[in-house]
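Now for the letters of each chain:
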Amino acid sequence: MRAIWKGAIAFGLVNVPVKVYSATEDHDISLHQVHNADGGRIRYQRRCEVCGQVIDYSDIEKAFEEDGRTVVLSKDELKAIPAENSHEIEVVQFVPSEQLEPMMFEKSYYLEPDSKSPKAYVLLRRALEDTDRVAIVQYALREKTRLGALRIKDDVLVLQSLLWPDEVREANFPALDTAIKISAQERDMSAALVESMAADFEPESFTDDYQVQLRKLIDAKLEQGESLDTDETFGVEAGDGGKGEVIDLMEALKRSLDRKRGGAAAATGGADSQEEDSDDGGSEDGDKPARPARRSSGSRSSGTETAAASKTSTSKATASKSTAAKGTSTRSTAAKSTGTAAKTAAAKSTGSKAAASKSTEKPAAKATTRARKPA
């Protein structure tokens, strides 16, 4: 790394010489503009709108315009500003770190001790560690007086430039003034979703997908030239990519929880559905297999059991179901009728049960025989 600035931290009467390095860098792939017809590089020229000549950077000055008047400020005049000549990072306050608004953070710099004896540097670092506070500093850098926060990262002093309060815009959105009612169920569901996604922050586990895919596109273009097929290069993305808008907030929360929990909620719903089908004694859908009739207990043997069912419809005929009494090893079968329902009665027996008598007018074609639970 190359130092971008040299100065000293003024910690009361203690002077801490430091070198300033940029702590961050841009990892984006650099692209430039070209003419699409011949690939020629597009260059920008500093052309004077009065004389039409291309001007060298050394001949350019800065100016300010107000009320139709233009004030030209030379480089020497700008350098004469006292704050520009200051190479001092002045500590003005020590504040708790939680009082700093993250939105004010702008850019980070590493500070390296710039003396043969870094004792003053270590002393300031220890003072910040012992008090668990952040130093608020003021300094001038690149023709601007700046506000900054001095803190510690891995035994190194870090200077974070801060925006001035008037540089942070006020959030004023009328839509947020509307009273919104959030139910307890919605809050509980959203809290459960947050809990299912809770984890420790590990920046290394995240990837800049756009830059990776851009590099892949460049490599493919270098290899294939104009015959590049982007669909073949990137493949077909699965799913809709969240294009559809879910109107029901609760439904969206439920889907999110199901996805995070590996479909556990969906499996539970399926089990509940099967329980309901069991209690209902079967479905009327002819494609599903019939359920066996339940076995009667010994205490019910003295009672008379009667089952009758009949249903008629104009669109389709539904076979009537009848249940029969069971013996110790004998199961009766039910018959169906498409017209008038027939009723069958089960005869009482002390040790065994007689098979139910069958009464049918005309059997329905391809009817599926089913047993039904005793009434």
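Residues numbered from 1 in each chain as written. Predicted model: local features only at pLDDT ≥ 70, side-chain atom pairs only at ≥ 80, totals over all residues. Heavy atoms only, no water.

Student: Report on the pattern of salt bridges, specifying residues and quantitative values.
Tutor: Tallying each qualifying case throughout the model produces six salt bridges. The shortest N-O distance in the salt bridge between Lys75 and Glu61 comes to 3.8 Å. In this pair, Lys75 sits in helix 1 (residues 75–79) while Glu61 sits in the loop between strand 2 (14–22) and strand 3 (62–66), placing the two residues 14 residues apart along the sequence. Of the residues examined, Glu61 reaches a relative accessible area of 37% and is grouped as partly exposed. One salt bridge in this structure joins Asp219 and Arg215, with 3.0 Å as the shortest N-O distance. You can see Asp219 and its partner Arg215 sitting in helix 5 (residues 209–224), four residues apart, about one turn around the helix. On the accessibility criterion, Asp219 (38% relative accessible area) is partly exposed. (Salt bridge = Lys/Arg side-chain N within 4 Å of Asp/Glu carboxyl O. Helix = DSSP H or I, 4+ residues; strand = E, 2+ residues; numbered from the N terminus. Buried < 20%, exposed > 50% of the residue type's maximum accessible area, 1.4 Å probe, protein only.)

Student: I'd like a rundown of a nonpolar patch on the surface, residues and numbers included.
Tutor: The grouping of Phe64, Val71 and Leu73 at the surface amounts to a nonpolar patch, some 250 Å² of accessible area in total. The residue Val71 is located in strand 4 (residues 69–73) in this model. (Patch = residues over 30% accessible without salt bridge, like charges linked within 9 Å, V, L, I, M, F, W, Y side chains within 5 Å. Areas by Shrake-Rupley, 256 points an atom, 1.4 Å probe, with all protein chains shown as cover.)

Student: Tell me about the packing of aromatic side chains, residues and numbers included.
Tutor: Within the structure shown, the criterion is met by two aromatic pairs. For the pair Phe11 and Phe94, a centre-to-centre distance of 5.9 Å together with 75° between the ring planes defines the contact as edge-to-face. With a gap of 83 residues between them, Phe11 in strand 1 (residues 5–11) and Phe94 in strand 5 (residues 88–95) connect regions that are remote in the sequence. In this structure Phe94 comes out as partly exposed when scored by relative accessible area, which is 32%. An angle of 35° between the planes, with centres 6.0 Å apart, marks the rings of Phe201 and Phe206 as tilted. Judged by its relative accessible area of 59%, Phe206 falls in the exposed class. (Phe/Tyr/Trp six-rings, centres within 6.5 Å; stacked < 30°, edge-to-face > 60°.)

Student: I'd like a description of the sheet that holds strand 5, backed by residues and values.
Tutor: Read once around its circumference, the closed barrel built from seven strands follows the order 1-2-6-9-8-7-5, with strand pairing classed as mixed. Neighbouring strand axes in the sheet, compared pairwise and without regard to direction, differ in orientation by 40° on average. In this sheet, strand 9 (residues 156–162) lies alongside strand 8 (residues 145–153) in antiparallel orientation, the contact comprising seven bridges. Bridge pairing links Arg151 to Val158 in strand 9. In this fold helix 3 (residues 119–131) packs onto strand 1, strand 2, strand 5, strand 6 (105–113), strand 7 (134–140), strand 8 and strand 9, with an angle of close to 80° to the strand it touches most, strand 8. (Pairing = 2+ DSSP bridges. Axes fitted to C-alpha atoms, helices over the stretch in contact; angles between N-to-C directions. Contact = heavy atoms within 4.5 Å.)

Student: Tell me about the nonpolar core, residues and numbers included.
Tutor: Within the largest apolar cluster, 20 residues are counted, with the highest numbers of intra-cluster contacts made by Ile9, Ile89, Leu111, Leu150 and Leu159. Looking at this core, the elements that each hand over two or more residues are strand 1, strand 2, strand 5, strand 6, helix 3, strand 7 and strand 9. Not counting chain neighbours up to four residues away, the residues in contact with Ile9 comprise Val14, Asn15, Val16, Val18, Ile89, Val91, Leu111, Leu124, Leu150 and Leu157. Core analysis: the second largest hydrophobic core is formed by eight residues, Leu100, Met104, Val134 and Ala149 among them. (Core = buried A, V, L, I, M, F, W, Y, C linked by side-chain atoms within 4.5 Å.)

Student: Can you lay out the pairing of strand 3 for me, pointing to particular residues and giving the numbers?
Tutor: Both strand 3 and strand 4 contribute to a ladder of five bridges, which runs antiparallel. Bridging across to strand 4, Phe64 finds its partner in Val71. The hairpin turn running from strand 3 into strand 4, its antiparallel successor, is two residues long, and Asp67 in that turn takes a positive phi close to 55°.

Student: Could you give an account of the confidence of the model for the protein chain, naming the residues involved and the relevant values?
Tutor: Of all residues in the protein chain, 67% have pLDDT values of 70 or greater, and the mean over the chain is 75. Averaged over each element, pLDDT in the protein chain is lowest for strand 11 (residues 344–345) (36) and highest for strand 9 (96). Within the model, pLDDT remains below 50 along residues 238–242, and this stretch shows zero contacts once partners closer than five positions in the same chain are excluded. Low pLDDT, under 50, characterises residues 278–375; the predicted model gives this stretch 107 contacts beyond four residues in sequence or across chains. (pLDDT = per-residue confidence, 0-100.)

Student: Give a detailed account of helix 4 (residues 184–196), specifying residues and quantitative values.
Tutor: A rise of 1.5 Å per residue sets the reference length of helix 4, with its 13 residues, at 18 Å; its end C-alpha atoms lie 18 Å apart and thus fit the reference within 8%. Every buried residue belonging to helix 4 is among Glu186, Met189 and Leu193, and all of these are buried. Down the axis of helix 4, the smallest arc covering the buried residues is 65°, so these residues share one side. Across helix 4 from its buried face, at more than 90 degrees, point the exposed residues Ala184, Arg187, Asp188, Val194 and Glu195. As for helix 4, its buried residues are in contact with helix 7 (249–260). (Expected span 1.5 Å × (residues − 1). Arc of directions from axis to C-beta.)

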